[in-house]
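Understanding the architecture of this molecule
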Amino acid sequence: MREWIGQFKYRGNEKYGPPLGEMMHRAYQAMRHEFTGREYFRFNQSLRNVNLVTCVPVSETRLTERGFNQAQILAEELAKRNKLLFLPLLARPQDTGKQSFKTKKRTHTHDV
């Protein structure tokens, strides 16, 4: 699995989009099935009311580097397999740097 994701994300191997999209679809369907019990009523209602799929876009810099938007491909695959609409609703106005270069340390801000 790690190899497939690496091929898709870092080596620009777009052929891994459909099988990874199918895996996401199966995981989504399993989650919907798992949360059918009464104790998950509100969450289950949310899952049933899904109308569309979107994704967080990559920056222009990353899009130029990679040649395609992996998040969008996966979102489109998930939407297609679930007969949902895909809409690119979000924007990334600036390049926030590569996630792989960031540390796991989190910054917390507290309201005063």
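Quick look at the structure, then. (Residues numbered from 1 in each chain as written. Predicted model: local features only at pLDDT ≥ 70, side-chain atom pairs only at ≥ 80, totals over all residues. Heavy atoms only, no water.)

Points about the packing of helix α1 (residues 2-9) against helix α2 (residues 17-34)
As a reminder of what qualifies: Only the stretch in contact is used when fitting a helix axis, every axis being a line fitted to C-alpha atoms; angles between N-to-C directions are given from 0 to 180 degrees. Segments assigned H or I by DSSP are reported as helices when at least four residues long, segments assigned E as strands when at least two residues long, and all are numbered from the N terminus. Orientation labels follow simple angle bins: below 35 degrees gives roughly parallel, above 145 gives roughly antiparallel, 65 to 115 gives roughly perpendicular, and whatever is left gives oblique. Crossing chirality is assigned from the near helix's rotation relative to the far helix, an anticlockwise turn below a right angle marking it left-handed and a clockwise turn marking it right-handed. The contact rule is simple, with two residues in contact once any of their heavy atoms fall within 4.5 Å. Three categories are distinguished: nonpolar for Ala, Val, Leu, Ile, Met, Phe, Trp, Tyr, Cys and Pro, charged for Asp, Glu, Lys and Arg, and polar for the others, with Gly belonging to the last.
Where α1 contacts α2, the axes come no closer than 10 Å and their chain directions differ by 125°. It follows from the interaxial angle that α1 and α2 lie oblique. Between α1 and α2 the crossing geometry is left-handed. Between α1, through Trp4, Ile5 and Phe8, and α2, the contact on the second element is made entirely by Gly17, Pro19, Leu20 and Met23. Among the residues forming the contact of α1 with α2, the class breakdown is 6 nonpolar, 1 polar and no charged.

Brief notes about the side chain of Asn69
How we decide: Under this definition, polar contacts are N or O atom pairs within 3.5 Å; protein pairs additionally need one hydrogen-donor-capable and one acceptor-capable atom, and for neighbouring residues in sequence, both atoms have to be side-chain atoms.
Along the chain, Asn69 falls in the loop between α4 (60-66) and α5 (70-81). Side-chain polar atoms of Asn69 contact the backbone nitrogen of Ala71, separated by 3.1 Å. Setting aside chain neighbours within four positions, we find Asn69 in contact with Pro57, Val58 and Leu63.

Comments concerning the packing of α2 against α5
Relative orientation of the contacting elements α2 and α5 amounts to 55°, with a least axis distance of 8 Å. If you check the angle between α2 and α5, you find them oblique. Two packed elements cross with a definite hand, and for α2 against α5 that hand is right-handed. Along the contact surface, α2 presents Gly17, Pro18, Leu20, Gly21, Glu22, Met24, His25 and Tyr28, while α5 presents Ile73, Leu74, Glu77, Leu78 and Arg81.

Notes on the side chain of Gln70
Inspection of the secondary structure puts Gln70 in helix α5. Setting aside anything within four residues of it in sequence, one finds Gln70 in contact with Phe8 and Lys9.

With respect to the pattern of salt bridges
Defined as follows: A carboxyl oxygen of Asp or Glu within 4 Å of a side-chain nitrogen of Lys or Arg is what we treat as a salt bridge.
In total, this model carries 5 salt bridges according to the counting rule given. The salt bridge partner of Arg81 is Glu77, with a shortest N-O separation of 2.2 Å. In this pair, Arg81 and Glu77 are both assigned in helix α5, 4 residues apart and thus about one turn of the helix distant. Connected through shared salt-bridge partners, Glu22, Arg26, Glu77, Lys80 and Arg81 make up one network.

Brief notes about unusual backbone geometry
The condition that has to hold: Throughout this description, buried means an accessible area under 20% of the type-specific maximum (1.4 Å probe, protein chains only), exposed means over 50%, and partly exposed covers the range between.
For Lys83, which is not a glycine, the phi torsion comes out positive at approximately 55°. Within the element layout of this structure, Lys83 appears in the loop between α5 and β2 (85-86). Residue classification places Lys83 among the exposed positions, given a relative accessible area of 75%.

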